[in-house]
Amino acid sequence: MITDSERVPLTRSFFDRPVLEVAPDLVGRVLVRATADGPIEVRLTEVEAYAGPVDPGSHAYRGRTERNAVMFGPPGHSYVYFTYGMWHCLNLVCGPEGTPSGVLLRAGEIIRGADLARANRPTSRKDTDLAQGPARLATALAVDRSLNGSDVCDPYESVAGEPAGSPFRILTGTPAAAGLVRSGPRTGVGGEGAVHPWRYWIDGDPTVSPYRAHAPRRRP
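The sections below set out a description of the structure shown in this document. Just so we're clear, the structure is a prediction, and the values are computed from it rather than from any experiment. (Residues numbered from 1 in each chain as written. Predicted model: local features only at pLDDT ≥ 70, side-chain atom pairs only at ≥ 80, totals over all residues. Heavy atoms only, no water.)

1. Some words on the overall build of the chain
Then, number 1: The helix and strand inventory of the chain stands at four helices and 10 strands.
Then, number 2: Shown N-terminal to C-terminal, the secondary structure of the chain runs as helices and strands in the order α-α-β-β-β-β-β-α-α-β-β-β-β-β.
Then, number 3: For the chain, whose C-alpha radius of gyration is 16 Å, the value lies close to the compact-globule estimate of 17 Å for 220 residues.
Then, number 4: Principal-axis analysis of the C-alpha atoms places the extent of the chain at approximately 50 × 40 × 35 Å.
Then, number 5: For the chain, with 220 residues in total, the buried portion stands at 52%.
Then, number 6: Of the roughly 10600 Å² of accessible surface on the chain, 53% is carried by carbon and sulfur atoms.
Then, number 7: Distance between charge centres in the chain, computed from 25 positive and 24 negative side chains, equals 9 Å. (Helix = DSSP H or I, 4+ residues; strand = E, 2+ residues; numbered from the N terminus. Rg over C-alpha atoms; globule rule 2.2 N^0.38 Å. Buried < 20%, exposed > 50% of the residue type's maximum accessible area, 1.4 Å probe, protein only. Areas by Shrake-Rupley, 256 points an atom, 1.4 Å probe, with all protein chains shown as cover. Lys, Arg positive; Asp, Glu negative; His and termini not counted. Charge placed at Lys NZ, Arg CZ, Asp CG, Glu CD.)

Below you can see the structure in the form of structure tokens.
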């Protein structure tokens with residue numbers, strides 16, 4: 001459980017910055033997912049930055065589509081996409097409107113609502129892997145495309161002490177000490193985008209996902 005001083009929601013100005021400033025600054029922050037059964041909170045331990053039109057690894061590299069449209073909108077909204085025909089991934093849009101950049105939430109530590117996260121991920125063997133990877137994080141938080149475009153900077157309200165309104169909030173939390181935040185290549189990104197060291201994580205944290213380099217698919 002985090003203290004009252006760490007429960008202040010981040011404002012839109014936090015996200016209205018270059019993606020390479022926002023991404024490392026998100027490490028250690030707390031994402032709140034409001035559900036009908038209660039909140040689930042995850043302290044972010046690993047993220048990746050995607051810089052839109054200058055980044056071959058970004059969904060927005062080749063322009064606007066129906067799938068990535070929310071990335072071109074105002075900062076502080078969720079971008080949820082479906083991948084490999086089975087998994088959802090959760091991103092946060094940042095930078096000025098019209099500049100399609102975002103941060104993929106790769107991993108975190110469930111600090112509240114672990115029972116709900118376990119119910120969403122019954123195959124998990126231990127709590128440290130409940131949100132260890134972007135698909136696991138989204139599954140643990142019951143995230144799907146219906147939450148695409150949610151405003152994570154909605155004015156903060158509460159009902160019986162719990163967040164209300166948007167399904168997401170980002171709280172101040174405790175930003176990770178700069179000396180503990182590492183950076184390196186993004187997981188599974190190939191081609192020209194493979195060279196960017198835009199993955200950020202807390203060194204030694206057990207919830208951080210294993211790094212895997214891009215492996216080209218071979219046609220049968």
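So, next bit.
2. Re the nonpolar core
Then, number 1: By size, the foremost hydrophobic cluster in this structure holds 42 residues, and its most contacted members are Phe15, Leu26, Val103, Leu105 and Ile110.
Then, number 2: Setting aside residues no more than four positions away along its own chain, Leu105 makes contact with Leu31, Leu44, Glu46, Val47, Leu90, Leu92, Pro134 and Leu137.
Then, number 3: Among the nonpolar cores identified, the runner-up in size contains 11 residues, and Ala60, Tyr81, Leu104 and Val189 belong to it. (Core = buried A, V, L, I, M, F, W, Y, C linked by side-chain atoms within 4.5 Å. Contact = heavy atoms within 4.5 Å.)

3. Things to note about the packing of aromatic side chains
Then, number 1: Under the definition given, this model contains two aromatic pairs.
Then, number 2: Both rings, one in Phe14 and one in Phe15, keep their centres 5.1 Å apart while their planes meet at 75°; by these two values the pair is edge-to-face.
Then, number 3: Taking the relative accessible area as the measure of exposure, Phe15 reaches 0% and is therefore buried.
Then, number 4: Pairing Tyr79 with Tyr81 gives two aromatic rings, centres 5.6 Å apart and planes at 45°, and the pair type is tilted.
Then, number 5: Take Tyr79: its relative accessible area is 3%, and that puts it in the buried class.
Then, number 6: Above the face of the Trp201 ring, Arg199 is positioned so that its terminal group lies 4.1 Å from the ring centre. (Phe/Tyr/Trp six-rings, centres within 6.5 Å; stacked < 30°, edge-to-face > 60°. Lys NZ or Arg CZ within 6 Å of the ring centre and 35° of its normal.)

4. Comments concerning the environment of Val181
Then, number 1: With respect to the element layout, Val181 can be found in strand S9 (residues 181–184).
Then, number 2: Excluding residues within four positions of it along the chain, Val181 makes contact with Val27, Ala176, Tyr200 and Trp201.

5. Thoughts on unusual backbone geometry
Then, number 1: In this structure, Tyr84 is a non-glycine residue whose phi angle is positive, near 55°.
Then, number 2: Residue class for Tyr84 comes out exposed when judged on its relative accessible area of 60%.
Then, number 3: Here the phi dihedral of Ala142 falls at roughly 55°; this positive angle occurs in a residue that is not glycine.
Then, number 4: Topologically, Ala142 is positioned in the loop between helix H4 (134–140) and strand S6 (157–159).

6. Quick look at the pattern of salt bridges
Then, number 1: Under the definition given, this model contains 12 salt bridges.
Then, number 2: In this structure, Arg121 and Asp129 form a salt bridge, with 3.9 Å as the shortest nitrogen-oxygen distance. Across the pair, Asp129 and Arg121 agree in class, each one buried.
Then, number 3: Shared partners join several salt bridges into a network, and the residues in it are Glu46, Glu48, Arg106 and Arg199. (Salt bridge = Lys/Arg side-chain N within 4 Å of Asp/Glu carboxyl O.)

7. Some points on the side chain of Asn91
Then, number 1: For Asn91, the location among the structural elements is in strand S4 (residues 87–94).
Then, number 2: Judged by its relative accessible area of 6%, Asn91 falls in the buried class.
Then, number 3: Setting aside residues no more than four positions away along its own chain, Asn91 makes contact with His77, Ser78, Tyr79, Tyr81, Val103 and Leu104.

8. Thoughts on the pairing of strand S1 (residues 30–35)
Then, number 1: As paired elements, S1 and strand S2 (residues 38–50) share six bridges and run antiparallel to each other. Directly across from Val30, in S2, lies its bridge partner Arg43.
Then, number 2: Hairpin remark: S1 followed by S2, antiparallel, with two residues in the connecting loop. (Pairing = 2+ DSSP bridges.)

By themselves these figures say nothing about function.
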